[in-house]
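# Results of the structural survey
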Amino acid sequence: MPRESKRARLERMHAEYALLVEEIPEPKCALNFSTPLQLLIATVLSAQTTDKRVNTVTPELFDRYPTAADLANARPADLEAIIRPLGFYRSKSQHLLGLAAALEERFNGEVPRTMDELVTLPGVGRKTANVVLGNAFHVPGFPVDTHVMRVTGRLRWRDDWNSAHPDPVRIEREICACFDPSEWTDLSHRLIVHGRAVCHARKPDCAHCPLQATCPFVAVA
DNA sequence: ATCCCGAGGG
DNA sequence: CCCTCTGGAT
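These numbers come from a predicted model, not from an experiment.

Time to look at the packing of helix H3 (residues 51-64) against helix H5 (residues 76-83). Relative placement of two packed helices is described by the angle separating their axes and the distance separating the axes. Interaxial distance between H3 and H5 falls to 9 Å at its minimum, and their mutual angle equals 155 degrees. With respect to their mutual orientation, H3 and H5 come out roughly antiparallel. Facing H3, whose interface residues are Val57, Glu60, Leu61 and Arg64, H5 presents Asp78, Leu79, Ile82 and Ile83. Of the residues contributing to the contact of H3 with H5, the split by class is five nonpolar, no polar and three charged.

And the structure:
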């Protein structure tokens, strides 16, 4: 693959982001929430499921356990019954109970607003923390999941694209260095949506990809 | 069959 | 660096 200057690469990245904004419609389905605590819970539950399915269980969940204290005191069996259809219900239930207890014990029942604090909570990793920071507190963050790793790799938006073990934190740093903080949350979201809808792991639909003109992966797909 | 907008643990 | 956890949609 031909050499590309740093400058050219940066310009391509921004142009491709613009195309994603232009041609990828905002997904009609997103997590329903009205408080940071609700977003945190919904995001923890969303692992290996879809937002739509999470939205089918959260109304009952939020209604029955309005505060972190309520959730911390929930009976595990009751909690599991509510979130069962999402899968991984046992680990998710334990995460929620531990998370609620930690919020009560260490954060006065409030959701903390820093990465360092958020990732100490059970069930909360960097990806989840960045989603909460960006969408509940409007703190710039760049959530990196498997879609982001794959798509940025194919676009060569990260430098270690040919590595068998890409480092999510390194990707986060590299992408953040190339975009304005105000764009991070939206960019990540669009890469995730695009990765799921078009840039599949197994069966990439390059023919219908808005980035096919500039994406180096088209040639090898 | 295969995949899903992860995180914790060995 | 693996592995596991799980049900539902397609």
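Read on, since the account is not over.
What the rule picks out here adds up to 11 salt bridges. Where Arg7 meets Glu11, a salt bridge forms, and the shortest distance between an N and an O atom there is 3.2 Å. Of this pair, Arg7 and Glu11 both sit in helix H1 (residues 6-23), four residues apart, roughly one helical turn. Among the residues examined, Glu11 registers a relative accessible area of 45% and is labelled partly exposed. The salt bridge partner of Asp160 is Arg170, with a shortest N-O separation of 4.0 Å. Pair noted here: Asp160 is in the loop between helix H9 (146-155) and helix H10 (168-178) and Arg170 is in helix H10, with a separation of 10 residues, a long-range link. By relative accessible area, which is 9% here, Asp160 ends up buried. On the accessibility criterion, Arg170 (31% relative accessible area) is partly exposed.

Here we come to the nonpolar core. Ranked by internal contacts, the top residues of the largest apolar core, which has 37 residues, are Leu40, Leu45, Leu61 and Leu121. Ignoring any residue separated from it by four or fewer positions in sequence, one finds Leu40 in contact with Leu99, Leu103, Val111, Leu121, Val124, Thr128 and Val132. Ranked by size, the runner-up nonpolar core spans 26 residues in total, among them Phe142, Val151, Ile171 and Cys215.

Around DNA strand C lies a shell formed by Gln48, Arg53, Arg84, Pro85, Gly87, Phe88, Tyr89, Arg90, Ser91 and His165. Counting only the atoms of DNA strand C within 4 Å of the protein, the fraction contributed by sugar and phosphate is 51%. A distance of 3.1 Å separates a sugar or linking oxygen of DNA strand C from a polar backbone atom of Phe88. Arg90 places a polar side-chain atom, nitrogen or oxygen, 3.0 Å from a phosphate oxygen of DNA strand C. Among the residues making up the surface near DNA strand C, the classes are represented as three nonpolar, four polar and three charged.

On domain assignment, one finds that chain A holds domain 1 (6-27 + 142-219) and domain 2 (36-136). When each unit is reduced to the centre of its C-alpha atoms, the spacing between domain 1 and domain 2 is 28 Å. With eight residues of domain 1 at the contact, the number on the domain 2 side is seven residues. Summing the contributions of domain 1 and of domain 2, the shared interface buries around 560 Å²; its carbon and sulfur component is 57%. Among the residues domain 1 hides against domain 2, the three largest losses belong to Pro143, Glu172 and Thr185. Together they make up 60% of the total. Inspection of the domain 1/domain 2 interface yields one salt bridge. A salt bridge links Glu172 to Arg126; the nearest nitrogen and oxygen atoms lie 2.8 Å apart. Seen at the junction of domain 1 and domain 2, the total is two residue pairs in polar contact (both at pLDDT 80 or more). Of the residues assigned to the side of domain 1 that touches domain 2, the class counts are four nonpolar, one polar and three charged.

Criteria and thresholds
Residues numbered from 1 in each chain as written. Chains lettered and ligands numbered in written order. Predicted model: local features only at pLDDT ≥ 70, side-chain atom pairs only at ≥ 80, totals over all residues. Heavy atoms only, no water. Axes fitted to C-alpha atoms, helices over the stretch in contact; angles between N-to-C directions. Helix = DSSP H or I, 4+ residues; strand = E, 2+ residues; numbered from the N terminus. Parallel < 35°, antiparallel > 145°, perpendicular 65-115°, else oblique. Contact = heavy atoms within 4.5 Å. Nonpolar A, V, L, I, M, F, W, Y, C, P; charged D, E, K, R; others polar. Salt bridge = Lys/Arg side-chain N within 4 Å of Asp/Glu carboxyl O. Buried < 20%, exposed > 50% of the residue type's maximum accessible area, 1.4 Å probe, protein only. Core = buried A, V, L, I, M, F, W, Y, C linked by side-chain atoms within 4.5 Å. Near = heavy atom within 4 Å. Polar contact = N/O pair within 3.5 Å; in protein donor to acceptor, adjacent residues only side chain to side chain. Domains from an automatic or database assignment. Buried area = accessible area lost by both parts, 1.4 Å probe.

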